[in-house]
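Given next are the chains, with one letter for each unit.
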Amino acid sequence: MFPVERISVPQTILKISVKRLRFGSLAQIRAFRHATQVQTKASPKKSTKPDKALSKAKMSKRTSYEHSELGHTTIKRAKQVDENLPYDQLREALGAQDEIKDVRKVAHWFHSKDLRIQDNTALHHASELAQSAKKPLVCVYVNCAADESWHGTSAARVDFMCEGLKIMQKELKEINIPLVFLECEDRKKIVETVIAWFKEQNVSHVFGNYEYEIDEMRRDLELVNSTGRDVQVSLYHDQTVVEPGTMLTGAGTPMKVFTPFFKAWLDRVGSEPELLDTRPPPAAHPSSMKKELKHLFDTPAPKPAKDKQFATTEDQKRIRKLWPPGHAAAEKRMDSFLQQIPDYASTRSNPAANSTSRLSAYFSAGMYSVRSALQKLVDYNSGSADFTATSTQAGVHAWVRELVFRELYRQTSLATPHTSMNLPQNLNFTHIQWRQHDDDAETAWHKWITGTTGEPFIDAGMRQLASEAYMHNRLRMNVSSYLTSNLLLDYRRGERFFAETLIDWDLANNTLGWEPSYTVFNPVSQAERNDPEGAYIRKWVPELRDVQGKAVFAPHARLSRSEFERLGYPEPCVDWKASKERCLKRFKEGARRAADE
Ligand SMILES: Cc1cc2nc3c(=O)[nH]c(=O)nc-3n(C[C@H](O)[C@H](O)[C@H](O)COP(=O)(O)OP(=O)(O)OC[C@H]3O[C@@H](n4cnc5c(N)ncnc54)[C@H](O)[C@@H]3O)c2cc1C
């Protein structure tokens, strides 16, 4: 996530940034609604401008230092980190530990990406050790609100996790295993906090699952180095089917390109179907052990910090209904997705069809494992783990392909750690000269976040995000292209905004989704191709609900002036063609500067 060395922000600045985060994560839904209300009520002329009062209220506090999301380390430093992988350092430290034979107590440390007790690799191994040594297993989660704020985690995601933790605590209690919640105010003291607890509890063995972002690698390295000889740490790969870092090119380096990665992944899983084996939940403790541990049950579950609360209870209700937390809810979702998987390949890009799984929030919080999902596909696929195009349904093949993007991106985080240091994977893109922070840039930004750019497809996507804390993949591709290419705003602002808003935020998927590119999407032709009936646009942009035919894709260009003005919908905020040319020029200049360096 955002590593310590990425930026150094003084405390006073952090306080102000929190206000900005509130805007992003909490008040943005309100801001969006307010803006749309203004758009529908106001005269057409006024409606083409952003809500001035709102802009003033929010933007008067914006100063250059509020753009802390743009900070990053130097390219030189990024290359150094890539050459001396934190993952290698962590593995070395793990390997150098002395084996502790005397098992006193075993702990599993849950993180924000493995929030389930079903098919949890490290938890399973922790339970096995505790069982064989006839010693207790205790589970712990460290809640650090400052860490959530640092990462920009959205209110929706924080609530989802907090509710998920409650479910896990209950599930574990039913099998007499405690889940203890520790509070830590300072993100730099997470390891210190948990180690103090391990000592207090006389824990001898700690289990956890790998997290591939640089800060989390360093956290685990600190853990291994600080526990010394008292505690033995074991980490397991759990987030993916194929272990990140093991998919290599002929030259022995980690693969970076999707197509060969996908092919190799399919071959590997087809020939080693045991990679999809799931693990049972931890074994129940006898009730005598429950008595012994009774002081550890029922610690209150974490609550979202003030800057991570929903703006209204109505928002909370809506989001919870859309995204019920927990493993059981995810499994139910997977089962119902299997009913529609035959159509996935042909409809996945049509946002109105709503035919994707909507499982991303569950995968990113670890409430559902990819192995569990793929096991369901094996059953569906007549018991076969061969997901190649010729051996399975088109829908199954296409869905597995998306999961494999997720697998590749975890390998990328591990092998190219600078991607979680706020730098693009292709370092040449660091030389792009983005638009300066001035009033025009802020107006453009405001239009983008409130879904009032005047490009119906873009606005529909941004309004879905504001309402659902989720956006269809086709729209994510379009709105990101529009922000970086047409508005020429630094992609890191959009990336951070997504983190602050999405329920399924995942650093690897988000960062690589936001990687700058020379491909500039045309929102009109994209909408015509992927939302051919305009149903998605009409759903999310009510001003255009009654627009007939193809005019809905480009009302300003395709309606008469008077027809357009009656809609109360804004004019396009940039000329698409001219802004595309400007962007390609800037990108090419950036590439030239990179080559000259
Ligand atoms: C700019 C941008 C930002 C993104 N940010 C995130 C993010 O923060 N979190 C996130 O989980 N995904 C992100 N994605 C990827 C993708 O948009 C979502 O995973 C997908 O829309 C989730 O919907 P779904 O679960 O119905 O997907 P499905 O189509 O059902 O796909 C199944 C699963 O495959 C994975 N997946 C699907 N598409 C991708 C992809 N392009 N890259 C990597 N994994 C994928 C997800 O885990 C998803 O749940 C981003 C994409 C872009 C272009």
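Residue indices follow the written sequence of each chain, beginning from 1 at its first position. Reporting of local features is limited, given that this is a predicted model, to residues whose pLDDT is at least 70; pairs of side-chain atoms are given and counted only at 80 or more, and all residues count toward the totals for whole chains, interfaces and linings. Excluding hydrogens and water, the side-chain values take into account all heavy atoms of the structure.

Draft legend 1. Region of the structure containing the overall build of the protein. Counting from the N terminus, the helices are DSSP H or I runs at least four residues long and the strands are E runs at least two residues long. Broken down by element type, the protein carries 28 helices and 5 strands. Relative accessibility decides the category of a residue: with a 1.4 Å probe and only protein chains considered, values under 20% of the type maximum give buried, values over 50% give exposed, and everything between is partly exposed. Residues counted as buried form 60% of the 597 residues belonging to the protein. For the protein, restricting intrachain contacts to residue pairs at least 6 apart in sequence, the fraction spanning at least 24 positions comes to 81%. Per-residue accessibility takes into account occlusion by the displayed protein chains alone, with areas from the Shrake-Rupley method and a 1.4 Å probe. Surface accessibility of the protein: about 24700 Å² in total, with carbon and sulfur atoms responsible for 50%. Residues are treated as being in contact if the distance between any of their heavy atoms lies within 4.5 Å.

Draft legend 2. Representation of the packing of helix α9 (residues 190–200) against helix α10 (residues 214–227) in the model. Where α9 contacts α10, the axes come no closer than 10 Å and their chain directions differ by 40°. Considering the angle they form, α9 stands oblique to α10. Our pair here, α9 against α10, has a crossing hand that is right-handed. Counting all contacts with α9, which are made through I190, V191, V194, I195 and F198, the residues of α10 involved are R219, E222, L223, S226 and T227. Helix axes are fitted only over the stretch in contact, all axes being lines through C-alpha atoms; the angle between N-to-C directions runs from 0 to 180 degrees. Here roughly perpendicular refers to angles of 65 to 115 degrees, roughly parallel to angles under 35, roughly antiparallel to angles over 145, and oblique to all remaining angles. Should the near helix be turned anticlockwise from the far one by less than a right angle, the crossing is left-handed, and should it be turned clockwise, the crossing is right-handed.

Draft legend 3. Layout of unusual backbone geometry. Positioned with a positive phi, R358 is a non-glycine residue whose angle comes to about 55°. Relative to the helices and strands, R358 resides in the loop between α15 (344–347) and α16 (360–364). Residue R358 is classed as buried on the basis of its relative accessible area of 13%.

Draft legend 4. Expanded view of the site of the ligand. Throughout, the term near means that a residue has one or more heavy atoms lying within 4 Å of the molecule or strand in question. The ligand sits among 28 residues. The nearest are Y344, T356, S357, R358 and N473. The contact in question runs from an oxygen atom of the ligand to an N or O atom on the side chain of W399, over 2.8 Å. A distance of 3.0 Å is found between a nitrogen atom of the ligand and a side-chain nitrogen or oxygen belonging to E402. Calculation on the ligand without its partners gives an accessible area of 820 Å², and the protein chains cover 95% of this total. At the level of elements, α16, α18 (394–415), α21 (473–486) and α23 (507–513) are the ones that each hand at least two residues to the shell around the ligand. Element by element, the count of residues in the shell around the ligand is highest for α18, at 6 residues. Tallied by class, residues from the shell around the ligand come to 14 nonpolar, 8 polar and 6 charged. Each domain's limits were defined by an automated method or a database of domain assignments. Residue assignment places the shell around the ligand across two domains, with domain 1 (4–73 + 423–596) and domain 3 (309–416) each supplying three or more. N or O atoms within 3.5 Å of each other form a polar contact, as long as, within protein, one can give a hydrogen and the other can take it, and as long as residues adjacent in sequence are counted only when both atoms are side-chain atoms. In this classification, the charged set is Asp, Glu, Lys and Arg, the nonpolar set is Ala, Val, Leu, Ile, Met, Phe, Trp, Tyr, Cys and Pro, and all remaining amino acids, among them Gly, are polar.

Draft legend 5. Quick look at the pairing of strand β4 (residues 205–209). Of all 5 residues that make up β4, 5 are buried, and the element is covered over most of its length. In this analysis, strands are considered paired if DSSP registers two or more bridges between them. In this sheet, strand β5 (residues 232–236) lies alongside β4 in parallel orientation, the contact comprising 5 bridges. The residue of β5 that forms the bridge with N209 is Y236. If you view a crossover with the strands going away from you and the path from the first strand over the helix to the second runs clockwise, you call it right-handed. Note that the unit made of β4, α10 and β5 has a crossover that is right-handed.

Draft legend 6. Structural context of the sheet that holds strand β1 (residues 106–110). Pairing is parallel in the open sheet, where 5 strands are placed in the order β3-β2-β1-β4-β5. At either margin of the open sheet sits one strand with a lone partner, and together these are β3 (179–183) and β5. Strand after strand, the sheet turns through a mean of 25° between neighbouring axes, direction not considered. In the sheet, β1 pairs with β4 via 3 bridges, with the strands oriented parallel. What sits directly across from H108, in β4, is F207. Against the sheet, helix α8 (residues 155–174) contacts β1, β2 (137–143) and β3, and its axis sits at roughly 145° relative to β3.

Draft legend 7. Structural detail: the packing of aromatic side chains. Ring pairs shown here join Phe, Tyr and Trp side chains whose ring centres sit within 6.5 Å, with only the six-membered ring taken for Trp; geometry is labelled stacked below 30 degrees between planes, edge-to-face above 60, and tilted in between. All chains considered together, the criterion is met by 26 aromatic pairs. Judged by centre distance (6.4 Å) and plane angle (80°), the ring pair of Y141 and F181 falls under edge-to-face. Remark: F181 occurs in strand β3 and Y141 occurs in strand β2; sequence separation between them is 40 residues. Look at Y141 and you get buried, because its relative accessible area is 4%. Looking at F181, the relative accessible area reads 8%, which means it is buried. An aromatic cluster is present here, built from F337, Y344, F363, Y368 and W399 joined pairwise through their rings. Here, a charge over a ring is recorded when the distance from Lys NZ or Arg CZ to the ring centre is within 6 Å and its angle to the ring normal is within 35 degrees. In this structure, R219 is placed above the aromatic ring of W109, and the distance from its NZ or CZ to the ring centre is 5.3 Å.

Draft legend 8. Local environment of helix α17 (residues 370–380). Of all the residues in α17, the buried ones are V370, R371, S372, A373, L374, L377 and V378. Lining the buried residues of α17 we find α6 (121–133), α11 (258–271), α14 (327–340), α16 and α18. Of the residues trailing α17, S382 is marked for its positive phi of about 55°.

Draft legend 9. View of a negative patch on the surface. Each patch is assembled from residues with relative accessible area greater than 30% and no salt bridge, linking like charges that lie within 9 Å and nonpolar side chains (Val, Leu, Ile, Met, Phe, Trp, Tyr) that lie within 5 Å. The term salt bridge refers to a side-chain nitrogen of Lys or Arg lying within 4 Å of a carboxyl oxygen of Asp or Glu. Charge assignment: positive for Lys and Arg, negative for Asp and Glu; neither His nor the chain ends contribute. Taken as the charge centre is NZ of Lys, CZ of Arg, CG of Asp or CD of Glu, depending on the residue. On the surface, E183, E185, D186, E192 and E222 cluster together to form a negatively charged patch. Looking at where E185 falls in the secondary structure, it is placed in the loop between β3 and α9. Residue classification places E185 among the exposed residues on the basis of a relative accessible area of 77%.

Draft legend 10. Quick look at the side chain of T356. Within the element layout of this structure, T356 appears in the loop between α15 and α16. A relative accessible area of 16% places T356 in the buried class. Look past the residues within four positions of T356 in its chain and what remains in contact with it is F337, Q340, Y344, R348, Y470 and H472.

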